[in-house]
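Structure at a glance
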Amino acid sequence: MRTGLLGGSFNPAHGGHRRITRFTIDAIGLDEAWWLVSPGNPLKPKAGMAPLGARLKSARAQARRAPIVPTAIEQALGTRYTVDTLRKLKNRYPKREFVWLMGSDNLAEFHRWRRWRDIARTMPIAVIARPCYNADALASPAMAWFRRYTVPVSSFRKKGQWSAPALVFLRFDPDPRSATAIRRANTDWASQYRGTPVRDRLTFRTIRTSEGS
Ligand SMILES: Nc1ncnc2c1ncn2[C@@H]1O[C@H](COP(=O)(O)OP(=O)(O)OP(=O)(O)O)[C@@H](O)[C@H]1O
Ligand SMILES: O=C(O)c1ccc[n+]([C@@H]2O[C@H](COP(=O)([O-])O)[C@@H](O)[C@H]2O)c1
């Protein structure tokens, strides 16, 4: 099973997440993608972060009828840093072939992530172009290191084992949507997702929608 992993705050999930994920599934030949709804991005402030359950519910709504599985598995694994999450996921699902997915805004900051080169050695990475961030991403310290590992899309689609480090840069119709814009327009977006707890379909855990993550 070729599985893409899109980590994020999903505060809230939006149509841009759905669109880039579906494009990526088609472009690099994935069976499905998991959205790892983060208990808390280590580089982002806690203030303004909606409860994990509400963010997971918003992800469920956006993933409907698509081969996308939203999950709060990092909470179950007890991990915050991506390097730890990916190592544990590979141990837990040894038969899956994973690829890490992220928008170009994250590539621009990637050199600040804990042990980012180890992340790159753990699994291949697909970066999705994002309006306003591509120039910074391509000029970033991480990209200077990745340059020698950059591969064309066609090599991702080939059958057989993926190798790492490998980075593919995907350019689709740019999608300007962002969670920041949604929060600006509606500071209380999470209220529509309050109420009944949400069951994580991957971990079978039940997560409340009213409290901090
Ligand atoms: N419109 C988009 N185009 C490309 N990548 C995107 C887009 N929106 C989100 N992503 C990527 O999806 C992942 C999860 O994003 P996240 O949940 O942080 O949403 P966001 O819209 O970037 O949020 P915020 O505005 O709060 O930073 C990240 O890798 C991010 O780069
Ligand atoms: O591991 C790190 O050091 C690290 C630093 C910043 C962000 N991340 C991960 O990057 C993903 C995108 O986060 P975000 O908040 O930009 O949507 C999410 O899975 C975070 O846990 C990871």
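Residues numbered from 1 in each chain as written. Chains lettered and ligands numbered in written order. Predicted model: local features only at pLDDT ≥ 70, side-chain atom pairs only at ≥ 80, totals over all residues.

As recorded in an unreviewed UniProt entry, the protein chain goes by the name Probable nicotinate-nucleotide adenylyltransferase, listed as coming from Erythrobacter rubeus. You can read under Sequence similarities (unreviewed entry) in the UniProt record for the protein chain the words "Belongs to the NadD family." Word for word, the UniProt comment on the protein chain under Function (unreviewed entry) is "Catalyzes the reversible adenylation of nicotinate mononucleotide (NaMN) to nicotinic acid adenine dinucleotide (NaAD)." (UniProt positions renumbered as here; feature names shortened; annotations may be inferred.)

**Points about the sheet that holds strand E4 (residues 97-103)**
Here 6 strands make up an open sheet; going across it, the order is E3-E2-E1-E4-E5-E6 and the pairing parallel. The open sheet has two edge strands with one neighbour each: strand E3 (68-71) and strand E6 (167-170). With direction set aside, neighbouring strand axes in the sheet form an average angle of 25 degrees. Sheet analysis places strand E2 (residues 32-37) next to E3, joined by 4 bridges and oriented parallel. Pairing of Leu36 across the sheet is with Thr71, part of E3. Against the sheet, helix H1 (residues 15-28) contacts strand E1 (2-8), E2, E3, E4, strand E5 (125-128) and E6, and its axis sits at roughly 130 degrees relative to E5. (Pairing = 2+ DSSP bridges. Helix = DSSP H or I, 4+ residues; strand = E, 2+ residues; numbered from the N terminus. Axes fitted to C-alpha atoms, helices over the stretch in contact; angles between N-to-C directions. Contact = placed C-beta atoms within 7 Å.)

**Considerations on the confidence of the model for the protein chain**
In the predicted model, the protein chain carries a mean pLDDT of 95, and the fraction of residues at 70 or more is 99%. Interface confidence for the predicted complex, expressed as ipTM, amounts to 0.99; the pTM equals 0.97. (pLDDT = per-residue confidence, 0-100.)

**Regarding helix H2 (residues 52-63)**
Residues spaced three or four apart along an α-helix face the same direction, because each turn holds 3.6 residues. Its 12 residues give H2 an end-to-end C-alpha distance of 16 Å, which sits within 8% of 16 Å, the value for a rise of 1.5 Å per residue. Taking burial as the measure, the 12 residues of H2 include 10 buried ones, the bulk of the element. Taken together, the buried positions of H2 are Leu52, Gly53, Ala54, Arg55, Leu56, Lys57, Ser58, Ala59, Arg60 and Gln62. Taken together, the buried residues of H2 touch H1, E2, E3, helix H3 (73-77), strand E7 (198-199) and strand E8 (206-207). Count one or two residues on from H2 and you reach Arg65, which has phi positive near 55 degrees. (Expected span 1.5 Å × (residues − 1). Buried ≥ 20, exposed ≤ 12 C-beta atoms within 10 Å, placed from the backbone.)

**Observations regarding the site of ligand 1**
Around ligand 1 sit 19 residues in total, of which Gly8, Gly16, Gly103, Ala179 and Thr180 are the nearest. Listing elements by their share of the shell around ligand 1, those giving two or more residues are E1, H1, E4, helix H5 (104-109) and helix H10 (179-185). Ranked by residue count, the leading element in the shell around ligand 1 is H1, at 3 residues. Considering only residue class, the shell around ligand 1 consists of 6 nonpolar, 9 polar and 4 charged. (Near = placed C-beta within 6 Å. Nonpolar A, V, L, I, M, F, W, Y, C, P; charged D, E, K, R; others polar.)

**Looking at the site of ligand 2**
The immediate surroundings of ligand 2 are formed by 15 residues, with Gly7, Gly8, Ser9, Asn41 and Trp113 found nearest. Put simply, the parts of the chain that give the shell around ligand 2 at least two residues each are E1 and helix H4 (82-92).

**Here's the deal with the UniProt feature "domain: Cytidyltransferase-like" (unreviewed entry) in the protein chain**
UniProt's feature table lists "domain: Cytidyltransferase-like" (unreviewed entry) at residues 5-184, given in the numbering used throughout. Helix makes up 43% of residues 5-184 and strand makes up 16%, while its end C-alpha atoms are separated by 27 Å.

**Thoughts on the environment of Tyr149**
Tracing the backbone shows Tyr149 in the loop between helix H8 (141-146) and helix H9 (153-157). Separated by 81 residues in the primary sequence, Tyr149 and Ile68 have C-alpha atoms spaced 27 Å apart. Among residues more than four places away in sequence, those in contact with Tyr149 are Pro165, Ala166 and Leu167.

**Some details on H1**
Across its 14 residues, H1 extends 20 Å between first and last C-alpha, which sits within 8% of the 20 Å expected from 1.5 Å per residue. Within the span of H1, buried status applies to Gly16, His17, Arg18, Ile20, Thr21, Thr24, Ile25 and Ile28. Positive backbone phi, approximately 70 degrees, marks Gly29, located one or two places after H1.

**Some thoughts on the environment of Arg171**
Locating Arg171 in the fold gives a position in the loop between E6 and H10. On a C-alpha basis, the gap between Arg171 and Arg130 in space is 8.3 Å, while along the polypeptide they are 41 residues apart.

**A look at the nonpolar core**
Counting residues in hydrophobic clusters, the biggest one holds 46 residues, and the most contacted among them are Trp35, Trp100, Leu101 and Val127. Excluding its chain neighbours within four sequence positions, the residues that come into contact with Leu101 are Gly4, Leu5, Leu6, Thr24, Ala33, Ala126 and Ile128. (Core = buried A, V, L, I, M, F, W, Y, C linked by C-beta atoms within 7 Å.)

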